[in-house]
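Below, each chain spelled out in residue letters.
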Amino acid sequence: MINTSYDFDQAILPTGSSLKTNILLRFRADIAESPRRDLNLSLVIDRSGSMAGAALHHALKAAESVVDQLESKDILSVVVYDDAIDTVIPPQSVTDKSALKTSIRKVRAGGITNLSGGWLQGCEHVKSQLDSQKINRVLLLTDGHANMGIRDPKVLTATSAKKAEEGITTTTLGFDQGFNEDLLIGMARAANGNFYFIQSIDEATEVFSIELDSLRAVVGQNLKVTLELADGVSLVDTLSLATVSQNEAGQTVISLGELYEGEDKLLGLSLEITAAAIGDLPVMKLHYSADVIQDEIIQSVSGMADVIAKVGTVEESAIASSSHIILELSRLTIAKAKEIALNLAEHGKHEEAEQILRELIKELRDKGLNENFEIAEEIDQLEYFASRIAQKALGNAGRKELRDQSYQTMNRNRSDLVGRGVTAGDEVYAMSVVNEVGSGVELHCVREAGKLRVKVKSDGYDVSKNVQFPRAIRAEGARYVVEKLELSSDGSFYRVEGTITRLTQPGEPDIFVTRRSSQRVSTGKAAKGPASAADLATTDTVDDKILVQCVKEGSKLRARVVSDGYEPDWNMRFPRTVREEGMLYVVDEVKTAPDGKSYIACGEIKRFVQPGV
């Protein structure tokens, strides 16, 4: 059975004129004691050159953590891909965990990114063990753009939807800063799966655990809601990332995907209602259906619920309080505004995008919602993104954070997934610096569950409380001095008052003294190699340099670039003395040759050695 409930942002709607109102709908599977569902899971992991080093190391550690959390009735397969697709673990019961983890540890970084090939192989493994009573899921992890195989996002998204119709759901995980977030979010949405932005590579294990927790908590799937609107009621907007369509009767059908144990599935709607008389006003009928666990098997259930608004005088409407509903709807409204602003900015409408965010900030403050810490944090995020958009400086990291924040709020109802973002604000590098706290208050910025939080260090304050602090100057590890702190009206968090400066201790290096740059210094000289590859210096990191791979084509050994952003099919001028089939190298720089269709390796060459898991 599915329980439904709803609340309007105005508990009593005013009579006398047409109005716009928001409603929050909740859906929850009513299951007294949900048995854990077995998993049919395929991990599909990018091992292309861009993953070489710490990224792949942490991804494989995360895969091992998945093995540890599975049980003997679960089915697991593991696929790794670069330009070649390899099944490291064919579909099997998770009985010998030690052997499975040993197989994962043997994975090494390789070439370029055939995302479609790896993902489709994972889908085939899940299909071979398909069981409607299990959770059948592919977890696709990548840090780069697909540059081999099927690369068209429309084709991959449509295929993801088709696989979902066959019973195979895809969850996508974007690793670090190089992946295509539009593609991964598109695939996840089309499949009714989940998407995660793994911003710091050491968070991979934590994010995998969140997804496994979600899979264990799935108690219903394929939730669909049809809106039968009453006369005089029209749908203005949907505050959700759900798939919206029309049925033959012209009614709106919303596909909300999975239901999780103990977690409400939220749907916000913005409605236009014509003038109504005082009393109860029928607004719509909700027709819903889903596949849920009943009597320990999956069964289809359906039902209907009436949505009725209370209409009163203007005075009654004014004093009726729905503060907790306003907070929840505000979170959805903020997420929707972020999505709209990003779309406007990417079509060159930066002023309009900034205005939408600034107007929302004012509206939230006018309602006093900045007295709630999470909304106060959202206001800081909106200020940050509005400023970036106005300067046309949102950047790759900012875009990913903005899309992720919008997606997670409108797709899930989990506090540990919303508001994530750990990119250092640019302004931290330009702050005034002091060497002592003096009469001020010392704060420091830490990373907590994918978020940058500011905490109090000085004595006399509650160090467990968060501090509302400008997002633009947050940077993990930074320390600050502020004139004073004030408690919020409810005493749950602190607000900064007065001037903010950055604190550095005498004798300690200042890691924020200048803005760090990823720009490479050009050497301009073609690389020269020693007598053999064995004579090369070694490294287990790539950092901001370029990864090159040696492959055999016919009787020749060819060097090619496997880092993202380069043409993998172009030939490269590379020392022949150090070429060995399958070997990876790290070079300082790769320049385009005068012919415009080949590369030249420049600077020092090192042999890349895969770090152990």
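Residues numbered from 1 in each chain as written. Predicted model: local features only at pLDDT ≥ 70, side-chain atom pairs only at ≥ 80, totals over all residues. Heavy atoms only, no water.

### Details of the overall build of the protein chain
So, point 1. In terms of regular secondary structure, the protein chain is built from eleven helices and 28 strands.
So, point 2. Seen through its C-alpha atoms, the protein chain measures out along the principal axes to roughly 90 × 65 × 45 Å.
So, point 3. Scored against the burial criterion, the 613 residues of the protein chain give a buried share of 52%.
So, point 4. Contacts spanning at least 24 positions in sequence make up 72% of the contacts within the protein chain whose residues lie at least 6 apart.
So, point 5. Taken as a whole, the protein chain presents about 26300 Å² of accessible surface, with 47% of it coming from carbon and sulfur.
So, point 6. The average position of the 71 basic charges and that of the 90 acidic charges among the side chains of the protein chain differ by 6 Å. (Helix = DSSP H or I, 4+ residues; strand = E, 2+ residues; numbered from the N terminus. Buried < 20%, exposed > 50% of the residue type's maximum accessible area, 1.4 Å probe, protein only. Contact = heavy atoms within 4.5 Å. Areas by Shrake-Rupley, 256 points an atom, 1.4 Å probe, with all protein chains shown as cover. Lys, Arg positive; Asp, Glu negative; His and termini not counted. Charge placed at Lys NZ, Arg CZ, Asp CG, Glu CD.)

### Brief notes about the packing of helix 8 (residues 323–346) against helix 9 (residues 350–366)
So, point 1. Contact geometry of helix 8 with helix 9 gives a least axis separation of 7 Å together with a crossing angle of 165 degrees. As judged from the angle between their axes, helix 8 and helix 9 are roughly antiparallel. Crossing geometry of helix 8 relative to helix 9 is assigned as left-handed. Each of Ser330, Thr333, Ile334, Ala337, Lys338, Ile340, Ala341, Leu344 and Ala345 in helix 8 lies in contact with helix 9, whose residues at this interface are His350, Glu352, Ala353, Ile356, Leu357, Leu360 and Leu364.
So, point 2. A breakdown of the residues in the contact of helix 8 with helix 9 according to their chemical character gives eleven nonpolar, three polar and two charged. (Axes fitted to C-alpha atoms, helices over the stretch in contact; angles between N-to-C directions. Parallel < 35°, antiparallel > 145°, perpendicular 65-115°, else oblique. Left-handed = near helix turned anticlockwise from the far one by under 90°. Nonpolar A, V, L, I, M, F, W, Y, C, P; charged D, E, K, R; others polar.)

### Some details on the environment of Gly603
So, point 1. Secondary-structure assignment places Gly603 in strand 28 (residues 598–608).
So, point 2. When its relative accessible area of 22% is taken as the criterion, Gly603 is described as partly exposed.
So, point 3. Taking the C-alpha atoms as reference, Gly603 lies 69 Å from Val307; in sequence the two are 296 residues apart.

### With respect to empty space enclosed by the protein
So, point 1. Taken as a whole and judged by the stated rule, the model has five cavities of 30 Å³ or more.
So, point 2. When its volume is computed, the largest cavity comes out at roughly 180 Å³.
So, point 3. Forming the walls of the largest cavity are 20 residues, and the residues nearest its centre are Asn192, Leu256, Gly257, Lys265 and Asn411.
So, point 4. Mapped onto the lining of the largest cavity, the elements with two or more residues apiece are helix 5 (181–190), strand 13 (252–260), strand 14 (265–273) and helix 11 (395–411). (1 Å grid on protein atoms, 1.4 Å probe; cavity = no way out; pocket = protein on both sides within 12 Å on 5 of 7 lines; lining within 4 Å. Points joined across faces, edges and corners; volume = space filled by probe spheres on them.)

### Notes on the environment of Lys591
So, point 1. Assignment of secondary structure puts Lys591 in strand 27 (residues 584–592).
So, point 2. Each C-alpha atom of the pair Lys591 and Met572 lies 9.5 Å from the other, and the pair is 19 residues apart in sequence.

### Observations regarding the sheet that holds strand 5 (residues 75–81)
So, point 1. Within the open sheet, the six strands sit side by side as 6-5-4-7-8-9. Their pairing is mixed. Two strands lie at the open edges of the sheet, namely strand 6 (85–93) and strand 9 (195–198), each paired on one side alone. In this sheet, neighbouring strand axes are inclined to one another by 15 degrees on average, regardless of whether the strands run parallel or antiparallel.
So, point 2. Alignment of strand 4 (residues 39–46) against strand 5, held across seven bridges, turns out to be parallel. Within the sheet, the bridge partner assigned to Leu43 lies in strand 5 and is Val78.
So, point 3. Across the sheet, helix 3 (residues 115–128) touches strand 4, strand 5, strand 6, strand 7 (135–142) and strand 8 (169–175), and the angle it forms with strand 7 is around 165 degrees. (Pairing = 2+ DSSP bridges.)

### Things to note about helix 3
So, point 1. Between its first and last C-alpha, helix 3 extends 20 Å over 14 residues, near the 20 Å set by a 1.5 Å rise per residue.
So, point 2. If you check which residues of helix 3 are buried, you get Leu115, Ser116, Gly118, Trp119, Gly122, Cys123, His125 and Val126. (Expected span 1.5 Å × (residues − 1).)

### What to know about the sheet that holds strand 2 (residues 13–14)
So, point 1. The strand order across the open sheet formed by six strands is 2-16-15-10-13-12, and the pairing between neighbours is mixed. If you trace the sheet from one side to the other, it starts and ends with strand 2 and strand 12 (243–246), each paired once.

### Regarding the pattern of salt bridges
So, point 1. Enumeration according to the criterion identifies 48 salt bridges in this entry.
So, point 2. Residue Glu328 is joined to Arg26 by a salt bridge in which the shortest nitrogen-to-oxygen separation is 3.1 Å. You can see Glu328 sitting in helix 8 and its partner Arg26 sitting in strand 3 (residues 19–29), a full 302 residues away along the chain.
So, point 3. Arg26 sits in the buried class, given a relative accessible area of 12%. (Salt bridge = Lys/Arg side-chain N within 4 Å of Asp/Glu carboxyl O.)

### So, the nonpolar core
So, point 1. In this structure, Leu41, Leu43, Leu76 and Leu141 are the most contacted members of the largest nonpolar core, which totals 48 residues.
So, point 2. Sort the elements by how many residues they give to this core and helix 1 (residues 54–69) lands first, with eight residues.
So, point 3. Residues in contact with Leu41, not counting those within four places in the same chain, are Val66, Leu70, Ile75, Leu76, Ser77, Val126, Arg137, Leu139, Leu212 and Leu215.
So, point 4. The next biggest cluster of nonpolar side chains, apart from the first, holds 34 residues, and it includes Ala29, Leu227, Val233 and Leu286. (Core = buried A, V, L, I, M, F, W, Y, C linked by side-chain atoms within 4.5 Å.)

### Describing the packing of helix 1 against helix 6 (residues 204–216)
So, point 1. Where helix 1 contacts helix 6, the axes come no closer than 8 Å and their chain directions differ by 35 degrees. Along this stretch, helix 1 crosses helix 6, giving a crossing that reads as right-handed. Contact residues: helix 1 offers His58, Lys61, Ala62, Ser65, Val66 and Gln69, while helix 6 offers Ala204, Thr205, Phe208, Ser209, Leu212 and Arg216.
So, point 2. Split by residue class, the contact of helix 1 with helix 6 holds five nonpolar, five polar and two charged.

### Comments concerning the packing of aromatic side chains
So, point 1. This model, assessed by the stated rule, comprises twelve aromatic pairs.
So, point 2. Arranged with centres 5.6 Å apart and planes meeting at 65 degrees, the rings of Phe179 and Phe197 form a pair that is edge-to-face. Within this pair, whereas Phe179 is found in the loop between strand 8 and helix 5, its partner Phe197 is found in strand 9, the two being separated by 18 residues in sequence. The pair Phe179 / Phe197 is uniform in exposure class, with both members buried.
So, point 3. What links up through ring pairs into an aromatic cluster is the set Phe179, Phe195, Phe197 and Tyr407.
So, point 4. Positioned over the ring face of Phe179 is Lys400, at 4.7 Å from the centre of the ring.
So, point 5. Positioned above the aromatic ring of Tyr384 is the side chain of Arg471, whose terminal nitrogen or guanidinium carbon lies 4.6 Å from the ring centre. (Phe/Tyr/Trp six-rings, centres within 6.5 Å; stacked < 30°, edge-to-face > 60°. Lys NZ or Arg CZ within 6 Å of the ring centre and 35° of its normal.)

### Observations regarding the side chain of Lys338
So, point 1. Along the polypeptide, Lys338 turns up in helix 8.
So, point 2. A relative accessible area of 1% means that Lys338 is categorised as buried.
So, point 3. Each residue touching Lys338, except ones within four places of it in the same chain, is listed here: Leu357, Glu378, Gln381, Leu382, Leu402, Gln405 and Ser406.

### Some details on the confidence of the model for the protein chain
So, point 1. Within the protein chain, residue pLDDT values average 91, and 97% of them lie at 70 or more.
So, point 2. Low confidence marks residues 516–520, where pLDDT is under 50. Its contacts with residues over four positions away, or in another chain, come to eight contacts. (pLDDT = per-residue confidence, 0-100.)

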